[in-house]
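The residues making up each chain are set out below.
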Amino acid sequence: MAPRSRPSGKQAAPARGAGSRPGAGSGHGRIVSGPEGPDCLDAMQLAALEQAVRRWVDAAAGPAARLSRQRVLLVFLLIRYTGAKLSEALALDPGADVDFGSGVLRLGGAAGQPGAREVQVSALLAGELRAILEGPAFAGAPGPGLGLDPGFVRRKFYELARAAGFDKRQGGPEMLRKARAVELLQGNVPLPVVQAMLGHVTPAPTSAYVSFSPDDIRMVARGFLEREASRGSSARNSFYGKVRALDAGDIQTRVELATLDGLRVEALVTNDSVRRLGLRPGRLVTAEVKAPLVSVLLRPGAGAARTPPPASSLENVFPGLVEEVRAGVINTECVVRVSEATRVCALVPASWARARSLGPGDAVWVLCGACAVVLHVE
């Protein structure tokens, strides 16, 4: 999962009506079809909504209010990342239905009951669920279940969706469940695996030609979930986000990427690469840049985030704070935090770093050219 993708103080305005519901008649469309209404939120919008929920928890006026909001956060995370129904999330028995070691949750009733199923979650999400369930928010909770009123939870979901700039119905439990199905399918998780995770009774026609064992389902789901979680876990020199714009030339195309934490990254790739990767506005991609291709410049003062960027021919310029310095004889490795979720590692001349006494806490600019950025799609 990408849970705990903490806000950076900068939130891109979510696009209204830019959902990613597949077209009618497709196999994917059948698994997430529903009545006329707002489109499902896409992966970027889901991330923005999750950040809004976390900010709401952090803004609680006191300990009692924070614990109450953590209970709502727990239900949100269960639906957001497992595709559980609201009733299934509220009925979860932490003592019997959760195996924190393996990251497996049982939803829909006791083992063997109709509709009961096991759902894999990432290790990062399992850790956060455990911290909430075993913390004071649920201390002394009577019996199984989370002890929350479904009407109250639904109203809070609607309020939080509106606060994040979405149609309130897009934040409803049913729409979040559908959005998760679309997100998994667009992440190339096989349709039968998605069907098993969400507990759909009627398989889509394409699933009839593929057979997956329970072990296969867990393995495929775990692989996707761990990749997903790593996107929000401060992977160095890696930016995950959505293609915002394409500017095609005769040989190369400039690609602008909007990341989950509000950064803008430019890449320059060949037109052939655009076709091979299927790049288009809205496509989710990962941008990477090698440390030797990253430059670092000092900027005046740690609080000077609004200082105009330096004049440079390099397209990508980010303000940041040095977190770690490893000095070498020839080169020095410098790790810079450019947002809450993104660290960039650069190799700079050791003599340059020594002359400036470069160390943790220093305010710097991180620069790299668009030609140095490599794009990957799943």
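In what follows, the structure referred to is the one given above.
All values reported here derive from a predicted model rather than from experimental measurement. (Residues numbered from 1 in each chain as written. Predicted model: local features only at pLDDT ≥ 70, side-chain atom pairs only at ≥ 80, totals over all residues. Heavy atoms only, no water.)

## Some thoughts on the packing of aromatic side chains
Part 1 of the reasoning: Scanning the entire structure with this criterion turns up two aromatic pairs.
Part 2 of the reasoning: Taken together, a centroid distance of 5.7 Å and an interplanar angle of 35° make the contact between Phe239 and Phe318 tilted. One end of the pair, Phe239, is in strand S4 (residues 238-248); the other, Phe318, is in strand S9 (residues 316-326), and 79 residues separate them in sequence.
Part 3 of the reasoning: Cation over ring: Arg299 sits above Trp365, and NZ or CZ is 5.8 Å from the ring centre. (Phe/Tyr/Trp six-rings, centres within 6.5 Å; stacked < 30°, edge-to-face > 60°. Helix = DSSP H or I, 4+ residues; strand = E, 2+ residues; numbered from the N terminus. Lys NZ or Arg CZ within 6 Å of the ring centre and 35° of its normal.)

## Describing the sheet that holds S9
Part 1 of the reasoning: Here five strands make up an open sheet; going across it, the order is S8-S12-S9-S10-S11 and the pairing antiparallel. Here the strands that pair on one side only, and so sit at the sheet edges, are strand S8 (295-298) and strand S11 (343-349). The mean angle between the axes of side-by-side strands here comes to 45°, regardless of whether they run parallel or antiparallel.
Part 2 of the reasoning: Bridge count between strand S10 (residues 331-337) and S11: seven bridges; the pairing is antiparallel. Bridge assignment links Glu333 to a residue of S11, and that residue is Leu347. (Pairing = 2+ DSSP bridges. Axes fitted to C-alpha atoms, helices over the stretch in contact; angles between N-to-C directions.)

## What to know about the pairing of strand S7 (residues 284-288)
Part 1 of the reasoning: As defined by bridge partners, S4 adjoins S7 across five bridges and the pair is classed as antiparallel. Bridge assignment links Phe239 to a residue of S7, and that residue is Ala287.
Part 2 of the reasoning: With three bridges connecting them, S7 and strand S13 (residues 374-376) associate as antiparallel partners. Following the sheet pairing, Glu288 is matched in S13 by Val374.

## A look at the environment of Gly145
Part 1 of the reasoning: Along the polypeptide, Gly145 turns up in the loop between helix H6 (123-133) and helix H7 (150-163).
Part 2 of the reasoning: By relative accessible area, which is 12% here, Gly145 ends up buried.
Part 3 of the reasoning: Separated by 54 residues in sequence, Gly145 and Ala91 place their C-alpha atoms 4.2 Å apart.
Part 4 of the reasoning: With sequence-adjacent residues up to four places away left out, Gly145 is seen in contact with Leu90, Ala91, Leu92 and Asp93. (Buried < 20%, exposed > 50% of the residue type's maximum accessible area, 1.4 Å probe, protein only. Contact = heavy atoms within 4.5 Å.)

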